[in-house]
Each structure stands twice: as structure tokens, then as C-alpha cells.
Amino acid sequence: MREVAILGIGQTKFGELWDRSFREIGIEAGFAALQEAKLSSQDIGALYLGNMASGSFIEQEHIAPLILDYAGLAGHHLPAIRVEAGGASGAVALHQAYLAVASGAHDFVVVGGAEKMTDVPEDVQTDIANASADQEWETVFGATLPSLWALVARRHMHDHGTRREDFARIPVMAHEMGSKNPLAHFRNKITLDQVLEGSPVADPLGVMDCAPASDGAAAVVLGPLEVARKYTDTPVRIAASQVACDTLALQHRKDVTTVEATVVAAKAAFQRAKKSPKDVQVAEIHDAYSISALMALEDLGFYAKGAAAKGLSDGEVAFGGKLSINTSGGLKAQGQPFGAVGVAQVAEIVRQLRGDAKDRQVSGAKLGLTHNLGGTGATSVVHLLERAN
Amino acid sequence: MTVARFWRETPRRYNLGGNRCSACTTVYFPPRAVCPTCQKHRQSLGKMEPFTLSGDGEVFSFTLVHEAAEGFEMQVPYVLALIKTPEGPLLTGQIVDISLEEVHIGMRVRAAFRKLREDGRAGVIHYGYKFSPARENGGREAVASPVSQEALARAAARAQGTART
Amino acid sequence: MMEQTVGIVSYGAYVPRYRITPQEIGQVWGTDGAAMGKGLNVVRKSVPSPDEDTITISTEALRIALTRGRINPHDIGAIYVGSESHPYAVKPTATVVAQAVGATPYLTAADFEFACKAGTAAIQTCMGMVASRMITYGVAIGADTSQGAPGDALEYSASAGGAALVIGRENLIAEINATESFTTDTPDFWRREGQRYPSHGGRFTGEPAYFRHVGECGRRMMELAQTEPKDYQHVVFHQPNGKFPQRIGKSLGFSEAQMKYGLVTPWIGNTYSGAALIGLANVLDHAKGGDRVLVVGYGSGAGSDAFDVTVTDRIESYDRNHGRQVQEFLDGGVPLSYAMYAKYRGKIHLGGS
């Protein structure tokens, strides 16, 4: 397996993009990434596109060739492949692309992630999102994604002494960073009280604990590390790309307060990269729900089970602290266009490692991590990214 | 949801019909074709035997849902829970006939038979299990709280427009 | 008298959790609810949750009955559900109930409709089938989630609940000595196909309808059984409100004490097809071996079914403490505002639907 580098990134604004269609945002992100990488279209070997539910959101399936076509690449007859893994679709698409380059099957590959969610009303958005849980044994009985995470939160509080305000800190930090990100869906800052007093969604989770539905797309271009300097001055090495899965339904997990898929993916990633959690300065963590991010801090190995709360309240996990998380604003503030999330997380870490993150820059960022979840953690994807010197 | 898609699961949704690995005796709900925990799980193929849950359980975790799943809008806010059954499996389901202050982790519940949702006004009605507080002599808890004199007085006062709660 | 002894092997009742008072209803419609309640002798009525209907009520009642009687569901040969609020116009309530109690597939099942006496009609059908040895056990259920039109007098009493009786030949907790019916074409109450709420003939529902049919049927039943009111420890009448049964009971010669357990409507409202059966269930909750019970149902349209019943000594060892007894439903309940009641009963039309 050869080493793989990220040669370029692109990302649209995230948010309610009323005037823009799926195909428009899809190609905008891809063009931006290609432009950065100084690649011409003939160099590209394949397109991987992460997307969760275009059939439900815009009544359009078969979207990989659609984006290929509107990118002007149909004439090259490249393989264009859609990847679906719920909210983790983007990171799994990146993983597939990584394997394609690492194996030598392709040299240069474009990875896109895109979702156009606001073409359906909010209640329909919710129902579509719920489809990443088990429709036959969870949602049919009245479960929703936030209510399943609320069940996790309550049990985490019960088993590990976590307090409501511990996970409420995560959206506050997310909005603080979102205010510095021009691409973010939400640019306003919020207070801890606003999170605690937000209108209830599924107790103990309120509206401010839940990431929004957004439109948006992100893309990265991958190539072999050995030639990366021909295409960019600031290549970023993919030190590890790991996908792990678990039962689709929360009720079948061994321990609902641990996303085992994350534990397994993170362990494998750190092992492959010959690194440990303490080597990471900056991480993009899946905060679709505040509790999912708190648990990820534990499951990724940054904290022992039950100890993340203290790390958050002590300020260890904070912008400029021991570990900076979600400098993009995370899913909560930057936005949550399902299929785009995993790719956008990687784009943010690339900015950090290049030193391009402006007033969000974490000084001395050398090793970054991304963590992308599908559903209640049936799919977990961990990437470790390193500045290539 | 199409008629057949719901109908084929009625033995499970009406009567908690699961199955059990004949090799390691682990119980599964819903039933599985192969035992995931059994060491010899390849040998368990075709050796899973029917096993019906008793309907007993206790609350493992719970939440009060304010933003409903499709078809549950009229019941907002409703209690959703993970229920630990004595047979082993954890089940996701609503707890009905209860107010939030009464729910707690560890509380005993028993399966009830309720409407889950309807396919619109003209479509099929789906039924299945929910849970309600259990009682000591088997079956389910009495209508949770007696109508208190205060509650009746409040209702009477409201009726006369003399008070607002 | 029956040539083959038949009777009740087991029973169970179920009433939903919520309650609303006549006062609460009256204040919405500018009526003196308290006076209305007093006139009807209805203190409160039950209201089903949005996820309850005749199918779920029937299932809950039958599940209790099967557990109490330790009855193997596969021994049930027939399930008949009497109701005027079957959730489907076409598609049986009884098949869902049969599946939900594990009685399928080797049984017959059907839905009965005869206003409020569909449940007692189901008992008679089961008696015949059991006595003729067509089946081992027959299940007769009376259950309803009845609705009165908003503002209509019926709204003060129409409620939800039901009871299930398992009819058999052996292990009886009560023998049904005889049954009699009284049937005429009397249009006192009806609901046309496609109509949301029933219509009624106002005061016509009284003398020519309820009182004539219940009275005639009750009298004739006692004639046939060669009994007098004093021979009965308990009497149960159909009870569209709390007043009618008291009046007919008095005119037939029964005392308040005989009517005590059979009268449940004042605390749960009129459960229609469930009413007489829940009253009987309450009697059985309290009865001793040897007690004699007269039951007279009534259904608009119109007809009455009467039963002469003798409780057996087996009632003492029968597990009637399993599950909820009727008294708990009479005592308990969670009060609802009219607004919540209107929402739960589907009286509020949601946008788009």
C-alpha cells in the first residue's frame, strides 16, 4: 500500500441554500478542490461521492454520474461511485477513495460529499434522518434519532455521573468557532444557559444540543504522497483511514454508553499511524448531538469512560487548550449536510495542518483527527491526518 | 409503509416472538437467522429455535420525546424507553399510561397492546407492543394515579372559569 | 334452561386511563355540566388515549381473561367482538384480537354490531356453539370507544372500555342457566354509513326503547327462570347513563344493594357494548359461590338480551386478582381538559388532513 496525500480541498457555504441546486453545490466543491490541486481533468481516475438520501431529499438517485456530468467529466467515462453510510457517508466515501489510491488502482481521485436537505419541509427532513436508525425495530415504535441519543445521554448520566451541563458545553464551543467560519450555517454565539433552556427535543436533549439540517458540499482530491509536491506546496498525508461498524439498532449494542465502532476504528487508526491520542492537537468530532461528541472524546481514547465531562469543564478540551475540537464549528454550527459532513471535517483539518485556518488556527497543529458517525454509531469513521514535511 | 412490510412482522410486534440459539441459549428479539454471540455461530445457522418473550421488563433508559416520529404527533410529548427484558434482549418502545415524573431507570414495566400508527386516514392501522408500569399481581399497573380531590376541584374550578392552572 | 351446562370460564375488563367530567364538557358548550352530570348520574367518563381503540381494548381485556383462567389460546374456537366503533368499516376487529392473543389460525372470528348489545349477542352465539360442542371455548367481547358529537347530550356520557368473557362447558366460575331476548324495530339511535357521529331520537330513546325492551326482556327472563328479584344477589343492566338502570331496576323490583356492583357507568361513562359486560365483570370481582346474577343488555334499534347466571364455588379459587379489577378503573383515572379530550378523540382537524 502506498502513502496517500490530500492535494486540494473545496467546500461550499453550509446552510439554507434556497437558490442553489444539488448539482450546483456538488460541482462547486469539486471544482474548488481540483483547482487547488492544479490537476487537469484528464488526470482524474475516479469520483467517489458521499450522500445519504438524495432519493428522499430531491427525488434523485444515480447522482454520482450526474455530478460527473455537470463537472464536465462525463466524456472521460470515469467511474463515478456513490457511497451511503447514513451520516458517515462522506467519510466512508473518502475511505473508499483512499483505498483506491493506496492500492494503486487509481492515481488521482476526487472525493465529494453533498446533501441538499432543505428542498423538503422540516418534518420530512426529520423522518429522512430517522431512516438511518432501524426503521423496523426503532422508529416504528416512536424513536427518532435525537430520542435515541437522548436514551444514550440518560444512561451515560446514570452510569458515569455525567451532568446535563457537561454535554451542553459542546454546542457553546461549536457556535464560538462557527462565528469565525464564513462557511458556517450558524455564525452566532450562544451561552450555556441558551443550551440548557433550549426548547426540548427529546429530554435531556434540547434544540441547541442538535445539529441542524443544512445544504452543502465539500470535496478533497487525493493522490500518491510520493508525487504530491508536484501538485501542491502543502500536501497533507492520510496517516490512517479506518471504518468500523456495529449493530444498526442501538438496542442491540453491548453498552449503549460506548460507541464500540468508534473505539475499534480509533484504536486501529492510532496503531496504523503509530500515534496515540495525546499526539493529536486538533480534531473534528461528530457532534450531531452534544452527547455524541462527549462520548466520542471517550471512545476515541482522549479520555477514559466517564472522564470527558471533567476534560470539558476543566477547559482541557477547548480552542487553544490541550485538544481543540470542531474549529469549523462542528456539525452544530458549521452545519450538517449529511453526506458532506465527513469530507468537510477533513477539509477543516487540512486547513489547520496547512496553517490556513486564520482566526480559527490552532497553533502548532501537526496531527489532526476526524470522527464521523452514521445513525447512533452503527458506522464510525476515524481519519488521522498529518502535515507532510 | 406497505401492507406486507408491516404484516410480515406481526408475530413479533403483536406477541414478542423472538428466537433462541440452540447452541448457547442466547435469546434474540427480533429473531435472527444466525447467532452473533455464539462461538460456533456458523453452526447455529438453521438451529435457531422460536422463543417468545414474557412481556416483562424494566426501564434501562428513557426520554420524553417532544419532536415526534412520523405518525406519533398526537401523542407528544411521549415517553420512549429502552426496556431490559429478563430474557436478555433490550427493546425500544414507548411507555404509556405514565407521567414523566413517575419514570425512572429500573422501574418495572409490562408489555401492552396499542396502536403504533396509521397509514393516513384511509390506510391500514398498525398495532404492536408498548409498555406500561407493571403491578405486583401480574398484569399492568392500575390507572396510574387516582383522581385526587384537588384535581377534581381544579377541573370544577376551570369549568366555572374561576381559576386557571 | 340449557340442556348442556355452559357458562363463564374466565373474564377480564379494560378501561382506558383518562377521565373527563361533565363540568369540564359543559363549560365549553355553555351548559351547566354539574347539573347535566347529576341528571345523568355520571360523575366522570373514560377517554381513550390516541393509541387506543376497540381492538386494543378488546385485546387487553382478553389477555387478562386468558391469564386468569390459564387458558391455552389455541383452545379458543371462536372470537366475536361486539362494538359500534370497530376501527375499520371493513376488516374485522376480531382477527387482530385473535392474532394478538395467539389464538390464530384454527378458529372462527367475526365482528358483531348491534349498538350497545353486540357484546351480549356475542355471548349468546358462543353459548350455542359451546353447547353444541362445535368449539371448546368461545370468546365474547363487548368493547367501544364511542363518540358523541361535540355539544350533543351524548358527549357527557359516551366513553371507552370493554370486557371479554370466555364461554365454555367446564371449569366454570359462573353457569349461564338461561338466556332470553326481546327484539323489535325501534329506531332510537343510529349511525348511517360514513357518518362520524351517531344520531338519536332524543327522549324517544327512553320509554319506547330502553325501558320497554329492558323491562320486557328482564321480566320474561325471570318468568322463564321461575325467579323473582329477591332470588338475585346482583343485577346488571345496560347503562347508557347512571340513571336509566336505576329506574328500570326499581320498576322491576330490585334494590340499590342488588344493583351496587353492576352499576359502573357513573364512574367511567357509557362504554356502549362494554357497559353490561364491565358491570358483570365488576359483579364477578365481588361475587361469592352461589350468588345469582341477572344481566339484561340493551342495544338501540332495538333489542335486549338477558342472562340468568349462577356463580359457582370455583370463583373462590379462580385467579381474579390477576391484572386489574374493575374497581380500580372506577376509582382511578387521570383528569383531562376538554382541549386535550378534543385532541385525543380526533375532534381537532389537523391542517392538510
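The structure displayed is predicted, hence computed values, not measured ones.

Novice: Can you help me understand the nonpolar core in this one?
Specialist: Grouped together as the largest cluster of nonpolar side chains are 297 residues, with contacts concentrated most on V220(A), I79(C), V139(C) and I167(C). Looking at which element gives the most residues to this core, the answer is helix α13 (residues 338-354) of chain A, with ten residues. The contacts of I79(C), once residues within four sequence positions are left out, are A94(C), V97(C), A98(C), A103(C), L107(C), A109(C) and V139(C).

Novice: When you look at the domain arrangement of chain A in this model, what are you seeing that I'm missing?
Specialist: In many reports, interface size means the accessible area that the parts give up when they come together. Residues and elements named next belong to chain A. With domains assigned, chain A is organised as domain 1 (4-121 + 214-236) and domain 2 (142-211 + 237-387). Computed over C-alpha atoms, the centres of domain 1 and domain 2 are 23 Å apart. Between domain 1 and domain 2, the contact holds 40 residues from the first and 36 residues from the second. By residue class, the composition of the side of domain 1 that touches domain 2 is 23 nonpolar, 14 polar and three charged.

Novice: Sorry if this is basic, but what is going on with the interface of chain B and chain A here?
Specialist: On the chain A side, the residues contacting the 23 residues of chain B number 25 residues. Of all elements in the fold, only β4 (56-65), β5 (78-84) and β6 (90-95) of chain B reach the threshold of two or more residues within the side of chain B that touches chain A. Considering every element that reaches the side of chain B that touches chain A, the biggest residue donor is β4(B), with six residues.

Novice: In this structure, what is going on with the sheet that holds strand β6 (residues 137-145) of chain C? I would like to understand it.
Specialist: Backbone-to-backbone hydrogen bonds join strands into a sheet, with any given pair of strands oriented parallel or antiparallel. Residue and element names in this part refer to chain C. Reading across from one edge, β5-β4-β6-β7-β1-β8-β13-β12-β11 is the order of the nine strands in this open sheet, with mixed pairing throughout. Each edge of the open sheet is held by one strand with a lone partner, namely β5 (108-112) and β11 (234-237). Within the sheet, the average angular offset between the axes of one strand and its neighbour, ignoring direction, is 20°. Alignment of strand β12 (residues 292-296) against strand β13 (residues 301-311), held across five bridges, turns out to be antiparallel. Looking at β13, one finds that L294 is bridged to D308. Packed on one face of the sheet, helix α3 (residues 54-68) meets β1 (7-14), β4 (76-82), β6 and β7 (160-168) and runs near 130° to β1.

Novice: Which parts of the structure should I look at to understand the sheet that holds strand β2 (residues 18-20) of chain C?
Specialist: Spatially, three strands are ordered β3-β2-β14 (chain C) in an open sheet, and the strand pairing comes out mixed. Lying at the two open borders of the sheet, with one neighbouring strand each, are β3 (45-47) and β14 (334-335) of chain C.

Novice: So what exactly am I meant to see when it comes to the environment of N72(C) here?
Specialist: Along the chain, N72(C) falls in the loop between α3 and β4. Separated by 73 residues in the primary sequence, N72(C) and T145(C) have C-alpha atoms spaced 28 Å apart.

Novice: Which parts of the structure should I look at to understand the domain arrangement of chain C?
Specialist: Residue and element names in this part refer to chain C. When the domains of chain C are assigned, the result is domain 1 (7-173 + 324-344) and domain 2 (176-315). A straight line from the C-alpha centre of domain 1 to that of domain 2 covers 16 Å. Contacts between the two partners involve 49 residues from domain 1 and, on the opposite side, 43 residues from domain 2. Contributions of two or more residues to the side of domain 1 that touches domain 2 are made by β1, β3, α5 (118-131), β6, β7 and α11 (326-331). In terms of residue count, α5 provides more of the side of domain 1 that touches domain 2 than any other element does, seven residues in total.

Novice: How should helix α7 (residues 164-178) of chain A be read in this particular structure?
Specialist: Every α-helix carries 3.6 residues per turn, so stepping three or four residues along brings you back to the same face. Relative to the 21 Å expected for 15 residues at 1.5 Å per residue, α7(A) spans 22 Å between its end C-alpha atoms, a close match to the ideal helical length. Turning to α7(A), its buried residues number three or more, namely D166(A), F167(A), A168(A), R169(A), I170(A), P171(A), V172(A), M173(A), A174(A), H175(A), M177(A) and G178(A).

Novice: Before we go on, may I ask you to explain the arrangement of the chains in this structure?
Specialist: By contact count, the leading pair among the two pairs of chains in contact is chains B and C. These two, chain A and chain C, are apart from each other, with no contact and a minimum C-alpha gap of 12 Å.

Novice: What exactly am I supposed to notice about helix α4 (residues 93-100) of chain C here?
Specialist: Residues and elements named next belong to chain C. In terms of burial, α4 is a largely internal element, six of the eight residues being buried. Among the residues of α4, T93, A94, V96, V97, A98 and A100 are the ones counted as buried. One or two positions beyond α4, positive phi appears at G102, with a value near 75°.

Novice: Would you mind showing me how to read the packing of helix α1 (residues 22-37) of chain A against helix α3 (residues 63-70) of chain A here?
Specialist: Helix packing for two helices is described by the angle between their axes and how far apart those axes are. Residue and element names in this part refer to chain A. Axis separation between α1 and α3 bottoms out at 9 Å; the angle between their running directions is 65°. Regarding α1 and α3, the two cross each other, and that crossing is right-handed. Residue-level contacts link R23, G26, I27 and G30 of α1 to L66, I67 and Y70 of α3. Considered class by class, the residues forming the contact of α1 with α3 number four nonpolar, two polar and one charged.

Novice: It is not clear to me how unusual backbone geometry should be interpreted in this structure. Could you clarify?
Specialist: Negative phi is the rule for most residues except glycine; trans is the rule for most peptide bonds. In this structure, the amide linkage connecting F29(B) to the following residue, P30(B), adopts the cis form with an omega of -5°. Here V76(B) and P77(B) are connected by a cis peptide whose omega angle stands at -10°. Tracing the backbone shows P77(B) in the loop between β4 and β5. Within the chain, K358(A) stands out as a residue other than glycine whose phi angle is a positive 55°. Tracing the chain through its elements places K358(A) in the loop between α13 and β11 (367-374). Judged by local crowding, K358(A) falls into the exposed class, with 10 C-beta atoms found within 10 Å. Phi at R133(C) takes a positive value of approximately 65°, unusual for a residue other than glycine. Its location among the elements puts R133(C) in the loop between α5 and β6.

Criteria and thresholds
Residues numbered from 1 in each chain as written. Chains lettered and ligands numbered in written order. Predicted model: local features only at pLDDT ≥ 70, side-chain atom pairs only at ≥ 80, totals over all residues. Core = buried A, V, L, I, M, F, W, Y, C linked by C-beta atoms within 7 Å. Buried ≥ 20, exposed ≤ 12 C-beta atoms within 10 Å, placed from the backbone. Helix = DSSP H or I, 4+ residues; strand = E, 2+ residues; numbered from the N terminus. Contact = placed C-beta atoms within 7 Å. Domains from an automatic or database assignment. Nonpolar A, V, L, I, M, F, W, Y, C, P; charged D, E, K, R; others polar. Pairing = 2+ DSSP bridges. Axes fitted to C-alpha atoms, helices over the stretch in contact; angles between N-to-C directions. Expected span 1.5 Å × (residues − 1). Left-handed = near helix turned anticlockwise from the far one by under 90°.

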